Amino acid sequence: MTHVEDELTGQPECWLRAASEAADHARALPRPGERVAIVGCGTSYFMAQAAAALRENAGQGETDAFAASEFPHGRAYDRIVALTRSGTTTEVLDLLDRVRGRTRTTALTADPDTPVMTAADDVVVLDYADERSVVQTRFATTALTLLRAHLGLHPAAAVTDARTALAEPLPEGLVGCTQFTFLGRGWTVGLANEAGLKMREAALAWTEAYPAMEYRHGPISVTTRGTATWMLGTAPEGLAEQVRATGGRWIAGGLDPLAELVRVQRLAVAVAAARGLDPDRPRHLTRSVILAP
């Protein structure tokens with residue numbers, strides 16, 4: 001078993017713990033009414049997109065998501081939340097240093113022995129969700145679960161659905177598809193982006209991700225036999241029929257969207273295996289991006 005396979009199977013237990021401890025971390029996390037920016041790199045950026053949409057839609061306050069390298073320093077925020085599994089990512093540390101003393105900062109990390117511990121004003125350590133794999137799975141979803149629970153938006157069904165996602169076989173023939181498109185709406189657009197990234201990282205697969213309504217505006221033109229379109233969350237009316245009419249395969253996301261992401265993680269590992277790839281050693285990637293000064 002690869003590291004990523006082992007780590008993705010532990011997500012239900014990690015989510016249970018994160019949800020149970022959310023109240024303990026409330027003082028470090030955004031408060032209602034604060035103007036908040038959530039930042040990260042790679043997978044963490046896509047989790048930031050999901051968390052920002054959840055918080056703003058819940059009426060908790062204006063919330064934006066940015067890649068750490070693209071943070072707009074001309075804007076004023078009450079708090080910046082940085083997601084960084086390793087605690088060493090250069091762009092995140094540079095951002096936290098630049099706003100020190102001007103904006104309250106919170107970091108969610110997996111490693112308590114890294115520079116982010118002193119770079120941020122508040123730190124939440126999810127060391128039980130740390131990973132050996134380059135490819136992120138359980139840390140990302142556990143961090144998002146913590147933020148969902150903090151907002152009162154973590155359904156108990158998410159854990160049950162995650163266990164279902166791990167236990168049930170993947171749809172027959174899906175591993176053999178040549179192209180994958182992931183769709184989301186609202187907070188699940190971030191999950192769709194992350195699903196596409198997982199497939200590219202682990203399996204070198206041709207993948208794309210879009211807001212579901214945008215899929216009709218051009219991207220559907222590449223859908224044909226041998227391709228799969230996977231919806232994370234509730235699909236717009238009529239979209240499934242449009243995809244099927246192209247000859248492409250439609251995968252309806254019937255589980256909690258975060259549990260659907262677990263299914264995609266499993267698919268990425270399965271496609272990698274079918275192509276003779278090692279998902280623990282993705283091409284050209286390292287566990288943390290540390291740039292030379």
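Anyway, here's the lowdown on the structure attached to this text. No experiment lies behind these values; they were computed from the predicted model shown.

### A closer look at the overall build of the protein chain
Within the protein chain one finds ten helices and nine strands. Relative to a compact globule of 293 residues, whose C-alpha radius of gyration would be 19 Å, the protein chain shows 18 Å and is just as compact. In terms of overall dimensions, the protein chain has C-alpha extents of about 55 × 40 × 40 Å along its principal axes. Per-residue burial over the protein chain gives 57% buried out of 293 residues. A sequence separation of at least 24 residues applies to 72% of the contacts in the protein chain between residues at least 6 apart. Roughly 12,300 Å² of accessible area belongs to the protein chain as shown, and the carbon and sulfur atoms make up 50% of that amount. With 29 positive and 35 negative side-chain charges, the protein chain shows a separation of 2 Å between the mean positions of the two kinds.

### Re the packing of aromatic side chains
Scanning all chains against the criterion turns up six aromatic pairs. For the ring pair F66 and Y77, a centre distance of 6.4 Å and an interplane angle of 70 degrees mean the geometry is edge-to-face. Of this pair, F66 sits in strand β2 (residues 63-67) while Y77 is found in the loop between β2 and β3 (79-84), placing the two residues eleven residues apart along the sequence. The pair formed by F66 and Y77 is uniform in burial state, with each residue classed as buried. Ring centres 6.0 Å apart and planes at 40 degrees place the aromatic pair F182 and W230 in the tilted group. With F182 in strand β6 (residues 179-184) and W230 in strand β8 (residues 227-231), this pair connects stretches of sequence that are 48 residues apart.

### Quick look at the environment of G87
Mapped onto the fold, G87 is located in the loop between β3 and α4 (90-99). In this structure G87 touches L93, T109, T114, P115 and V116, once residues within four positions along its chain are discounted.

### What about empty space enclosed by the protein?
With the rule as written, the count across this model stands at one cavity of 30 Å³ or more. Within this model, the largest cavity holds a volume of roughly 60 Å³. Taken together, P30, I38, A51, R55, L147, H150 and L151 form the lining of the largest cavity. Those elements that provide at least two residues to the lining of the largest cavity are α3 (43-57) and α6 (138-150).

### As for the pattern of salt bridges
For the structure shown, the criterion picks out twelve salt bridges. Among the ionic pairs, D64 bridges to R75, the shortest N-O distance being 3.6 Å. Taken together, the positions of D64 in strand β2 and R75 in the loop between β2 and β3 put the pair eleven residues apart, joining distant regions of the chain. Using a relative accessible area of 17% as the deciding quantity, one classes D64 as buried. The salt bridge partner of D122 is R79, with a shortest N-O separation of 3.4 Å. Of this pair, D122 sits in strand β5 (residues 122-125) while R79 sits in strand β3, and the two are 43 residues apart along the sequence.

### A few points about the sheet that holds β3
The strand order across the open sheet built from five strands is β2-β1-β3-β4-β5, with neighbouring strands paired in parallel fashion. Pairing within the sheet leaves two strands with one partner each, and these edge strands are β2 and β5. Each strand of the sheet is rotated relative to its neighbour by a mean of 20 degrees, with strand direction disregarded. The pairing of β3 with strand β4 (residues 104-109) spans six bridges and is parallel.

### Looking at the pairing of strand β7 (residues 207-211)
Across five bridges, β6 lies against β7 in parallel orientation. Bridging from a neighbouring strand, F182 pairs with A209 of β7. The parallel pair β6 and β7, bridged by helix α8 (residues 188-203), forms a crossover whose chirality is right-handed.

Cut-off values and rules
Residues numbered from 1 in each chain as written. Predicted model: local features only at pLDDT ≥ 70, side-chain atom pairs only at ≥ 80, totals over all residues. Heavy atoms only, no water. Helix = DSSP H or I, 4+ residues; strand = E, 2+ residues; numbered from the N terminus. Rg over C-alpha atoms; globule rule 2.2 N^0.38 Å. Buried < 20%, exposed > 50% of the residue type's maximum accessible area, 1.4 Å probe, protein only. Contact = heavy atoms within 4.5 Å. Areas by Shrake-Rupley, 256 points an atom, 1.4 Å probe, with all protein chains shown as cover. Lys, Arg positive; Asp, Glu negative; His and termini not counted. Charge placed at Lys NZ, Arg CZ, Asp CG, Glu CD. Phe/Tyr/Trp six-rings, centres within 6.5 Å; stacked < 30°, edge-to-face > 60°. 1 Å grid on protein atoms, 1.4 Å probe; cavity = no way out; pocket = protein on both sides within 12 Å on 5 of 7 lines; lining within 4 Å. Points joined across faces, edges and corners; volume = space filled by probe spheres on them. Salt bridge = Lys/Arg side-chain N within 4 Å of Asp/Glu carboxyl O. Pairing = 2+ DSSP bridges. Axes fitted to C-alpha atoms, helices over the stretch in contact; angles between N-to-C directions. Right-handed = clockwise from strand over helix to strand, strands pointing away.

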